[in-house]
Amino acid sequence: MASLIIIPKNDPNWETNSGICGGSLISEYFVLSAAHCVSKVGDLVVPVKLGSVITAVFLNDSTGELFSARDIFIHPTYVSSGGNPWYDIMLLKLNRKVEFNLNMRPICLNSIFNADNYSSVIVAGWGLTEISKTSNAKHLQYAELRTDGEIIKTRCAQWYSKSRVPPSGQRLLMCAGSPTTIKTPNYGDSGGPTMIPLNDKCSNVYEQIAIITGIDNNTEVGNIAQLSFHLVLEPFIYWIASTVWEDEF
């Protein structure tokens, strides 16, 4: 997994003004993440840490390997739509080639995902570990979320209605949560992978089916954990492939 630090360029107070996001290594040069991580920052520098469970916030940490983003490719519809969350996807091209090893290898992308076939997903990131905290996790965190059950489905439908997400947008988003515990993505987890267990066509432990794109801050914590929203990759596979492997298209 990739840890991203979003740093405003030439900002003397970058240590307090920077943001954090997650991402996924998908090729020797490209990392997949969420567009909103960078879309409102302007000129920026994006250190990318690979091969470590410790966040890139600790730039002097000796684990993993540090890269930087040479180019940023935001999905054109995200730009033209003014930032609709159902097109919240970007690709970062790294400044140099990644030499794959046991700690740095690309995740497989699932191009035929059907949410109806799965009742739970796995998410990972370095975001806040408690709603009231102001600092991100130092070590990579994991959580299992449910996508089924009446409580989850009811709350998701309420959020779609409140946020005026059209049916076309709902088909691109997956809503998930936990009906009994506060176990959910939080600030700092955006752009990280939403995964399902390995199937026969991949050599990784998990394959990625979506990107973490947002949370519902208004969920009543006493009744249910915060909901999270995930951009399903399947409709964007051609855009990803034609950007990453443009010479083959």
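Scroll up a little and you will see the structure.
Residues numbered from 1 in each chain as written. Predicted model: local features only at pLDDT ≥ 70, side-chain atom pairs only at ≥ 80, totals over all residues. Heavy atoms only, no water.

Caption draft 1: How the structure looks around the nonpolar core. Within the largest apolar cluster, 54 residues are counted, with the highest numbers of intra-cluster contacts made by Leu-4, Ile-26, Leu-32, Val-48, Leu-50, Ile-89 and Ile-240. The element that contributes the greatest number of residues to this core is strand β1 (residues 2-8), accounting for five residues. For Leu-4, the contacting residues outside a window of four places in its chain are Gly-19, Ile-20, Cys-21, Gly-22, Gly-23, Val-31, Ser-33, Val-46, Pro-47, Val-48, Met-90 and Leu-92. Judged by nonpolar contacts, the second largest core, of 12 residues, contains Phe-113, Ala-176, Ile-212 and Val-232. (Core = buried A, V, L, I, M, F, W, Y, C linked by side-chain atoms within 4.5 Å. Buried < 20%, exposed > 50% of the residue type's maximum accessible area, 1.4 Å probe, protein only. Helix = DSSP H or I, 4+ residues; strand = E, 2+ residues; numbered from the N terminus. Contact = heavy atoms within 4.5 Å.)

Caption draft 2: Up close: the packing of aromatic side chains. Scanning the model with the defined rule gives three aromatic pairs in all. Centre to centre, the rings of Phe-30 and Phe-73 are 6.0 Å apart; their planes meet at 45°, and the pair counts as tilted. One end of the pair, Phe-30, is in strand β3 (residues 30-33); the other, Phe-73, is in strand β6 (residues 65-74), with 43 residues separating them in the sequence. For Phe-30, a relative accessible area of 4% puts it in the buried group. (Phe/Tyr/Trp six-rings, centres within 6.5 Å; stacked < 30°, edge-to-face > 60°.)

Caption draft 3: Quick look at the state of the cysteines. Scanning all chains against the criterion turns up two disulfides. One disulfide bridge connects Cys-21 with Cys-37, the sulfur atoms lying 2.1 Å from each other. Where Cys-21 bonds to Cys-37 through sulfur, the torsion about that S-S bond is close to -100°, and the disulfide is left-handed. Placement of Cys-21 in strand β2 (residues 19-25) and of Cys-37 in the loop between β3 and β4 (44-45) is noted, with a sequence separation of 16 residues between them. (Disulfide = S-S within 2.5 Å.)

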